[in-house]
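Residue strings, one per chain:
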Amino acid sequence: MCGIVGYVGERKAQDFLVSGLKRLEYRGYDSAGIATVSKDNKTTLIRAKGKIVNLEEKLAKNKRDDHIGIGHTRWATHGEPSETNAHPHQAGSIFLVHNGIIENYKDLKAELKGHEFKSETDTEVLAALVNSFYKDGKYPLINAVVQALKLVKGTYGIAVVSEKNPDELVVARSGSPLVIGVGNNETLIASDASALVGHTKKAIYLNDGEVALVTKNSIEIKTLNAEPVSAKVEEIETNLAAIQKGGYDHFLLKEIMEQPDSLAETLRGRLNVKDGTVRLGGPGLSEAELRKIKHLIIVGCGTAYHAGLLAGYYIEKFTPEITIETVIASEYRYRDAYIPKDSVALIVSQSGETADTLACLREIKKQGTKTIGIVNVIGSTIAREVDGGTYVHVGPEISVASTKAFTSQVIAMVMFGLTIAQAKGVKSSTLAPYVKEIAKLPEEIRKTLDSTAEDVRKIAKDYAKYDHAIYLGRDTAYPAAMEGALKLKEVSYMDANAYAFGELKHGPLALVDDRFFEMALVPKGILFEKSISNVQEVLARGGHMIVVTNSEIDLEVENVVKITTSLEIFAPLLMNLISQLFAYYVTVAKGYNVDQPRNLAKSVTVE
Ligand code: AGP
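Okay, so let's go over this structure. (Residues numbered from 1 in each chain as written. Predicted model: local features only at pLDDT ≥ 70, side-chain atom pairs only at ≥ 80, totals over all residues. Heavy atoms only, no water.)

**Observations regarding the pairing of strand β20 (residues 343-349)**
Next up, step 1: Counting buried residues along β20, 7 of its 7 residues qualify, which places the element largely inside the surrounding structure.
Next up, step 2: The side-chain alternation of β20 yields two buried faces, one formed by S343, A345, I347 and S349 and the other by V344, L346 and V348.
Next up, step 3: Two strands pair when backbone bridges link them, and strand β18 (residues 295-300) and β20 are joined in this way by 5 bridges, in the parallel orientation. Directly across from V299, in β20, lies its bridge partner I347.
Next up, step 4: Two elements, β20 and strand β21 (residues 370-375), share 6 bridges in a ladder whose sense is parallel. Bridge pairing links L346 to I372 in β21.
Next up, step 5: Following the backbone out of β20, through helix α12 (residues 355-366) and into the adjacent parallel β21, one traces a crossover that is right-handed. (Buried < 20%, exposed > 50% of the residue type's maximum accessible area, 1.4 Å probe, protein only. Helix = DSSP H or I, 4+ residues; strand = E, 2+ residues; numbered from the N terminus. Pairing = 2+ DSSP bridges. Right-handed = clockwise from strand over helix to strand, strands pointing away.)

Put into C-alpha cells, the structure is as follows:
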C-alpha cells in the first residue's frame, strides 16, 4: 500500500523523506514524490513514475536544504501510475499526500470550479478542497484541513504543508495509519513506524478522527470537533537490524529462516511445559468467559485466513462441543451472518491494517461479540480496536509474501484454543501433547530448514518451467497446502491451487497432465494411507509429483522432500516451510522480484 513520510526540523528534509520512503518500499508502489518548502517560501515538488531510484535521479538535480517537507509512495487506486498522478498534489500553496480513498471525490470535485485539475486522483480533489478554505487567509492551515475533512467520506491518512508557512505540518487520519515520531528538535511523520527507526524511539499513533499541528518542537492533537487530545507517547519496538536484510539476498528468505526465533518470541512467557499449560494475558477473558465460549469465528484475508483455517482444525480436535467458523473477511463483512451469543471472534492480521478485516472487526463489534486480535504490528488499527489480543511478536515482516507471521498466527490461535480447553476442564493428558510439541516447534523448524533448504533449492529450479501447479493435503495438511499454493502463486505468478485430496475425484483429477506438477503434503499419522492412495491416483494419470512427508514412502514419484522430526501433530507446519522455500527458489530461478511481487502490496488498506 502507499507510504507517507513528513519532516520538520533542523536537518535537510529531503534526506529523511527519501530514506523514509525507501523503508516503506516493501509496501508496494508504482510512483513516488516529495515536496519541500524553503524558508523564503519556495516549494520544490519532485515526482517520478516507478521506483524511488527514478525520484532520486531527479532530486540529484534539485538538491535543497529545506527543513520541512512531505513524501509519498503511491499504489495506484484512482488513475494510472504516472508522474501527474503521483503525490504530493498541489492546490495553490497547499501540498498534500494521502493514503486511503475519498469516496465522494466526484461530488466534491464538481463544487471546486476554481481549481484546474491536472490529475485523475481523488487526492488532488482533497488538496483543492483544503486550499478552498485556506487561500483567502480566512482559516489557518490546520483549520482549513479540518473544514475540508468534515466534508470527506472515505478513508485517509494525510500530511499537508503550505508554501506560506515553512514551519508547520498538518497530519490527520481516518482509516489509514499515521504515526508521529518525536525527535530532538525535529518531528517526523510516517504511515509505518519502520520509517522512523534509527531516528527516534518515541512515537505517537494518531487515532481515527484526529488531526495534529506539528512543528519541529511541538505536537498539538485534536479531534475534528476541536476537542484537545492528550498525546500518548509510545516506544517504537523495531530495531534497525530487524528491518535490514541481515545478509540474505531477499527479505523473503530472511523471514523464512527467522522462524525458529520469531516463533520463540511468540511463545515467550506463554507456555508452561512442565504442567502442560498455556497462559495468555492479552485476550483479557476470565476463566468463566472462556468456559462459556461455544462458537469461534476466525476472520482474515489471504495467509491470515489460511492460518485461521489451520488453527481451526487443531482447536476442534482438543476443545469439546465448540463450533468453529473461519471466514474470508471481504465476504463475511457483507453477509447477514448470525453470530450466536456465546461467540468470540479472532481477528487475524499481520499488518493490523487490512481494510476488509478491519471492517469485519467493526461489524462484529456492533453485534456485541468479543473480539480478540491475532496481530503482529504493535499499535496498528486492528490491534487498537479489538477488545483484547495476542501479539505474535515476529518482528517486521517486510516481504509482501507472509511467512513467519503465518506460523506464529497458527500457534497463537492454537494457544488461545488451549486456554479455552483448560478453562473447560479438558484433561491435561489431552492437551499436554499439543503443549509439548509447540514447545519443541522452534527447534524442529530450525532442523527442518537446515536439512531441507538446499534440496528444495535444487528441486525448485526444475519446476520453474511450469505454469500450473496443484497442491494437495488432507486434514491439517489441507490448509497448509492452501497456504503453500498461495505462496507460489503470489511470488512466481504460477497458477497454483490447492485441493483437499478427497476432492480430486470430484473434478480436479481431470486437470492432471504435463501442464501441471503436483505438490502433496503427506504427514505420518494424519490419514496417511488415504493420502498415499490419492498420490497413486495422480501418478496413474502421469502426474509430476513432489511429495513432502515425515514418513517413508515407496512410490515412484519425481521428488520426495523428507522431513525428519519427532513431531506429528504440527508436522504440517514443518511441511509449509518446504512450500515457502519452494516458492522462494522457483521465483529466484524465474528472476522475478521476490519481495515486491507485481500488483500486490504488503498491507491492503483499501477494499
Ligand atoms: C500473504 O502472503 C499475502 N501478502 C496476503 O494474502 C496477506 O496475507 C493478506 O493481505 C492479509 O494481510 P494481513 O495479515 O496484514 O491482514
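We are not done yet, so read on.
**Concerning the site of the ligand**
Next up, step 1: Taken together, 13 residues sit near the ligand, with S349, S351, T354, V400 and E490 positioned nearest.
Next up, step 2: With respect to the ligand, the backbone of T303 contributes an N or O atom lying 3.1 Å from an oxygen atom.
Next up, step 3: In the environment of the ligand, an oxygen atom lies 2.7 Å from a nitrogen or oxygen atom belonging to the backbone of Q350.
Next up, step 4: Summarising the interface, the protein chains cover 91% of the accessible area of the ligand, which totals 410 Å² for the free molecule.
Next up, step 5: Residue assignment for the shell around the ligand shows that the elements contributing at least two residues are α10 (302-318) and α16 (477-492). (Near = heavy atom within 4 Å. Polar contact = N/O pair within 3.5 Å; in protein donor to acceptor, adjacent residues only side chain to side chain. Areas by Shrake-Rupley, 256 points an atom, 1.4 Å probe, with all protein chains shown as cover.)

**Description of the pattern of salt bridges**
Next up, step 1: Inspection of every chain in the model, using the stated rule, returns 29 salt bridges.
Next up, step 2: Residue K366 is joined to E363 by a salt bridge in which the shortest nitrogen-to-oxygen separation is 3.0 Å. Here K366 and its partner E363 are both found in helix α12, 3 residues apart, which amounts to about one turn of the helix.
Next up, step 3: The class of E363 is partly exposed, set by a relative accessible area of 35%.
Next up, step 4: What you see here is one network of salt bridges that share partners, running through R173, D208, R362 and E385. (Salt bridge = Lys/Arg side-chain N within 4 Å of Asp/Glu carboxyl O.)

**Some details on the pairing of strand β8 (residues 165-174)**
Next up, step 1: With respect to burial, β8 is a largely interior element, 8 of its 10 residues being buried.
Next up, step 2: In the sheet, strand β7 (residues 156-162) pairs with β8 via 7 bridges, with the strands oriented antiparallel. For A159, the partnering residue across the bridge sits in β8 and is V171.
Next up, step 3: Linking β7 back to β8 in an antiparallel pair, the connection comprises 2 residues.
Next up, step 4: In this sheet, strand β12 (residues 210-215) lies alongside β8 in antiparallel orientation, the contact comprising 5 bridges. By the bridge assignment for β12, A172 is matched with V211.

**A word on the packing of α10 against helix α14 (residues 404-423)**
Next up, step 1: Here α10 crosses α14 at 30°, and the two axes come no closer than 8 Å. Relative to α14, the element α10 is oriented roughly parallel. For the element pair α10 and α14, the recorded crossing hand is right-handed. Contact residues: α10 offers T303, A304, H306, A307, G308, L310, A311, Y314, I315 and F318, while α14 offers F406, Q409, V410, M413, V414, G417, L418 and A421.
Next up, step 2: For the contact of α10 with α14, the residue count by class is 13 nonpolar, 5 polar and no charged. (Axes fitted to C-alpha atoms, helices over the stretch in contact; angles between N-to-C directions. Parallel < 35°, antiparallel > 145°, perpendicular 65-115°, else oblique. Left-handed = near helix turned anticlockwise from the far one by under 90°. Contact = heavy atoms within 4.5 Å. Nonpolar A, V, L, I, M, F, W, Y, C, P; charged D, E, K, R; others polar.)

**Regarding the packing of aromatic side chains**
Next up, step 1: Applying the stated criterion across every chain, the model contains 12 aromatic pairs.
Next up, step 2: Geometrically, the ring pair formed by Y463 and Y466 is stacked, given 5.7 Å between the ring centres and 20° between the ring planes.
Next up, step 3: Here Y493 and Y592 contribute two aromatic rings whose centre-to-centre distance is 4.8 Å and whose plane-to-plane angle is 20°, an arrangement assigned as stacked. Here the residue Y493 occupies a position in the loop between α16 and β24 (495-500), and Y592 occupies one in the segment after α18 (571-590), the gap between them amounting to 99 residues.
Next up, step 4: Taken together, the aromatic side chains of Y314, F318, Y434 and F570 make up a single cluster linked through ring pairs.
Next up, step 5: In this arrangement the basic side chain of R598 is found over the ring face of Y493, its NZ or CZ atom lying 3.8 Å from the centre. (Phe/Tyr/Trp six-rings, centres within 6.5 Å; stacked < 30°, edge-to-face > 60°. Lys NZ or Arg CZ within 6 Å of the ring centre and 35° of its normal.)

**Concerning unusual backbone geometry**
Next up, step 1: With an omega of 0°, the peptide bond running from H87 to P88 counts as cis.
Next up, step 2: Looking at the secondary structure, you find P88 in the loop between β4 (68-74) and β5 (89-91).
Next up, step 3: Positive phi, close to 60°, is recorded for N41, a residue that is not glycine.
Next up, step 4: For N41, the position within the fold is in the loop between β2 (31-37) and β3 (43-49).
Next up, step 5: Overall, the relative accessible area of 32% leaves N41 in the partly exposed class.
Next up, step 6: Unlike most non-glycine residues, L527 shows phi in positive territory, near 55°.
Next up, step 7: For L527, the location among the structural elements is in the loop between β25 (516-522) and α17 (528-540).
Next up, step 8: By relative accessible area, which is 40% here, L527 ends up partly exposed.

**Looking at the side chain of K404**
Next up, step 1: One can find K404 in helix α14.
Next up, step 2: The buried category is assigned to K404, whose relative accessible area is 1%.
Next up, step 3: In terms of polar contacts, K404 uses its side chain to reach the side chain of E258, at 2.7 Å.
Next up, step 4: Of note is the side chain of K404, whose polar atom sits 3.1 Å from the backbone oxygen of P396.
Next up, step 5: Discounting residues that sit within four places of it in the chain, K404 has contacts with E255, E258, Q259, S262, V394, G395, P396 and E397.

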